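Structural overview for review
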Amino acid sequence: MSELPEIRIGTVDREKALEALSLHFSEGRLTVPEFDERSATITSATTRGELDKVFVDLPAASATPAPLGKSPAPTETSGGIDWRAVVMPLVIFGSLALFFLTDFDQKWLFFLLIPVAGALLSAGGQSKKKKKKKNR
């Protein structure tokens, strides 16, 4: 790095360094004990030089790490609400309520509402995307 090694660092610098170290770990460059040791060094670091020593034998990170559990792209919605994300849980709870509260001989059929609703909701979202691509 171009900065002087004796420059003091802050919390943001440590967090960025931990993200970079996590990326190296996820790419298989570090073992668990190495990752633990280097993470401890980063969290206790006070200067740029102490951070630089952690990454001496690692290549420069080529990509920024993606947050865990995050979907690749948010769905576009009208009015700011993703109705598919609202309706699907309601269908699931509605199916459960119908199953337990009705006196129907073949109650298991109510559970078929869940995949049907999922298919309809996902198909509705794809048709909107196709229309937007055609308009471009």
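Above this text you will find the structure in question.
Analysis parameters
- Residues numbered from 1 in each chain as written.
- Predicted model: local features only at pLDDT ≥ 70, side-chain atom pairs only at ≥ 80, totals over all residues.
- Heavy atoms only, no water.
- Helix = DSSP H or I, 4+ residues; strand = E, 2+ residues; numbered from the N terminus.
- Buried < 20%, exposed > 50% of the residue type's maximum accessible area, 1.4 Å probe, protein only.
- Contact = heavy atoms within 4.5 Å.
- Areas by Shrake-Rupley, 256 points an atom, 1.4 Å probe, with all protein chains shown as cover.
- Phe/Tyr/Trp six-rings, centres within 6.5 Å; stacked < 30°, edge-to-face > 60°.
- Lys NZ or Arg CZ within 6 Å of the ring centre and 35° of its normal.
- Expected span 1.5 Å × (residues − 1).
- Axes fitted to C-alpha atoms, helices over the stretch in contact; angles between N-to-C directions.
- Parallel < 35°, antiparallel > 145°, perpendicular 65-115°, else oblique.
- Nonpolar A, V, L, I, M, F, W, Y, C, P; charged D, E, K, R; others polar.
- Core = buried A, V, L, I, M, F, W, Y, C linked by side-chain atoms within 4.5 Å.

**Observations regarding the overall build of the chain**
Along its length, the chain carries five helices and zero strands. Starting at the N terminus and ending at the C terminus, the chain contains elements arranged as α-α-α-α-α. Within the span of the chain, comprising 136 residues, buried residues form 17% of the whole. Considering only intrachain contacts with a sequence separation of at least 6, the fraction spanning at least 24 residues in the chain is 56%. As presented, the chain carries roughly 10400 Å² of accessible surface, and 63% of it is formed by carbon and sulfur atoms.

**Some remarks on the packing of aromatic side chains**
Enumeration according to the criterion identifies four aromatic pairs in this entry. Look at Phe104 and Phe110: their rings are 5.7 Å apart centre to centre, the planes differ by 50°, and that puts the pair in the tilted class. Accessibility expressed as a relative area gives 42% for Phe104, which makes it partly exposed. Relative accessible area serves as the criterion here: at 18%, Phe110 is assigned to the buried category. Taken together, the ring pairs in this structure connect Phe99, Phe100 and Phe111 into an aromatic cluster. The ring of Phe99 carries Lys107 above its face, with NZ or CZ at 5.8 Å from the centroid.

**Thoughts on helix H1 (residues 11-26)**
Spanning 16 residues, H1 covers 22 Å between terminal C-alpha atoms, matching the ideal 22 Å at 1.5 Å per step. Inspection of H1 places Arg14, Ala17, Leu21, Leu23 and His24 among the buried residues, and these make up the whole buried set. Following H1 by one or two positions, Gly28 adopts a phi angle in the positive range, close to 85°.

**Quick look at the environment of Ala60**
With respect to the element layout, Ala60 can be found in the loop between helix H3 (48-54) and helix H4 (83-101). Placed 36 residues apart in sequence, Ala60 and His24 show a C-alpha to C-alpha distance of 9.4 Å.

**Observations regarding the packing of H1 against helix H2 (residues 32-44)**
Packed helix pairs are specified by the crossing angle of their axes together with the interaxial distance, meaning the distance between the axes. Relative to each other, H1 and H2 sit at 170°, their axes nearing to 10 Å. In terms of axis orientation, H1 runs roughly antiparallel to H2. Contacts from Arg14, Ala17, Leu18, Leu21, Ser22 and Phe25 in H1 reach Val32, Phe35, Arg38, Ser39, Ile42 and Thr43 in H2. Of the residues that constitute the contact of H1 with H2, the class distribution is seven nonpolar, three polar and two charged.

**Considerations on the nonpolar core**
Core analysis: the biggest nonpolar cluster contains ten residues, these being Ile9, Ala17, Leu21, Leu30, Phe35, Ile42, Ala45, Leu51, Val54 and Leu58. Those residues in contact with Leu51, other than ones at most four positions away along the chain, are Ile9, Asp13, Ala17, Ile42 and Ala45.

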